[in-house]
Amino acid sequence: MPNQSQCVLDTMLRMIHKASEIMAEPRVFGTEVLYASEIHMIDVIGRNPGIHVTEIANKLGITKGAVPKIIGKLLQKDLIYRYQAENNKKMVLFTLTPKGHMAFQSHTEFHKKLDQGIIKKFNSLQKSELLMFHDIMHEVEDYIDKIGKEK
């Protein structure tokens, strides 16, 4: 019989797998069928109008080199605007188009529905339990980051 730690790890890995499957499937947000990478970039731009490539990469946890490919798709779909900063003509900034705002709002509603049950469970925990859970998850994330850098 597996020990309790192994059972927790197995559950976590199943959750990751299920979340990955959900993320891999494109979904309709607003009027567009979008992949997770596209809608998450729209989300970052929608929350941070006037953001530039480096900030987008940092907020999404991806390389700066990965950003232009997704930006190109979003520009092609008329979901974002690209413009130059007034004080620095070399800096390119991004904001959402009206169509992009529709996708952003749709994504926000999707997450409200998805997050609602999870937040409800978190809210049922004692503050000390929630803090301990948060600390554990943060440590697991740090460990995964460390392993990822050892490639």
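Residues numbered from 1 in each chain as written. Predicted model: local features only at pLDDT ≥ 70, side-chain atom pairs only at ≥ 80, totals over all residues. Heavy atoms only, no water.

Asks: Sorry if this is basic, but what is going on with the nonpolar core here?
Replies: Soluble globular proteins tend to bury their nonpolar side chains together. Ranked by internal contacts, the top residues of the largest apolar core, which has 20 residues, are Met41, Ile42, Ile45, Ile56 and Ile71. Secondary structure elements with two or more residues in this core: helix H2 (36–47), helix H3 (53–60), helix H4 (67–76), strand E5 (92–96) and helix H5 (98–123). Contacts of Ile71, omitting those with residues within four sequence positions, involve Met41, Ile45, Ile56, Ile80 and Phe94. (Core = buried A, V, L, I, M, F, W, Y, C linked by side-chain atoms within 4.5 Å. Buried < 20%, exposed > 50% of the residue type's maximum accessible area, 1.4 Å probe, protein only. Helix = DSSP H or I, 4+ residues; strand = E, 2+ residues; numbered from the N terminus. Contact = heavy atoms within 4.5 Å.)

Asks: I'm lost on the sheet that holds strand E3 (residues 51–52) in this one. Help?
Replies: Where strands meet in a sheet, backbone hydrogen bonds hold them as pairs that are either parallel or antiparallel. In space, the 3 strands of this open sheet follow the order E3-E5-E4, with antiparallel pairing throughout. Looking along the sheet, the strands with just one partner apiece sit at the ends: E3 and strand E4 (80–84). The strands touched by H4 are E4 and E5; relative to E4, the strand with the most contacts, the crossing angle is about 115°. (Pairing = 2+ DSSP bridges. Axes fitted to C-alpha atoms, helices over the stretch in contact; angles between N-to-C directions.)

Asks: What is the right way to look at the side chain of Asp43 in this model?
Replies: For Asp43, the position within the fold is in helix H2. Accessibility expressed as a relative area gives 13% for Asp43, which makes it buried. Leaving out residues up to four positions away in the same chain, Asp43 has contacts with Phe104 and His107.

Asks: So what exactly am I meant to see when it comes to the packing of H2 against H5 here?
Replies: A pair of packed helices is characterised by two quantities: the angle between their axes and the separation of those axes. Packing of H2 against H5 brings their axes to within 9 Å, and their N-to-C directions diverge by 105°. With respect to their mutual orientation, H2 and H5 come out roughly perpendicular. Between H2 and H5, the residues in contact are Ile39, His40, Ile42, Asp43, Gly46 and Arg47 and Gly100, Ala103, Phe104, His107 and His111, respectively. A class-by-class count of the residues in the contact of H2 with H5 yields 4 nonpolar, 5 polar and 2 charged. (Parallel < 35°, antiparallel > 145°, perpendicular 65-115°, else oblique. Nonpolar A, V, L, I, M, F, W, Y, C, P; charged D, E, K, R; others polar.)

Asks: Just checking my understanding: could you explain the packing of H2 against H3 for this structure?
Replies: Running from amino to carboxyl end, H2 crosses H3 at an angle of 115°, the nearest separation of the two axes being 10 Å. Handedness of the H2/H3 crossing: right-handed. The residues of H3 that touch H2, namely those facing His40, Met41, Val44 and Ile45, are Ile56, Lys59 and Leu60. Across the contact of H2 with H3, the residue classes tally to 5 nonpolar, 1 polar and 1 charged. (Left-handed = near helix turned anticlockwise from the far one by under 90°.)

Asks: Which parts of the structure should I look at to understand the pattern of salt bridges?
Replies: Under the counting rule described, the total for this entry stands at 4 salt bridges. Where Glu32 meets Lys99, a salt bridge forms, and the shortest distance between an N and an O atom there is 2.8 Å. Of the two residues, Glu32 is situated in strand E2 (residues 32–34) and Lys99 in helix H5; the sequence distance between them amounts to 67 residues. With relative accessibility at 14%, the residue Glu32 sits in the buried group. (Salt bridge = Lys/Arg side-chain N within 4 Å of Asp/Glu carboxyl O.)

Asks: Please explain the side chain of His107 as it appears in this structure.
Replies: Along the chain, His107 turns up in helix H5. Beyond its immediate stretch of four places on either side in the chain, His107 contacts Phe29, Ile39, His40 and Asp43.

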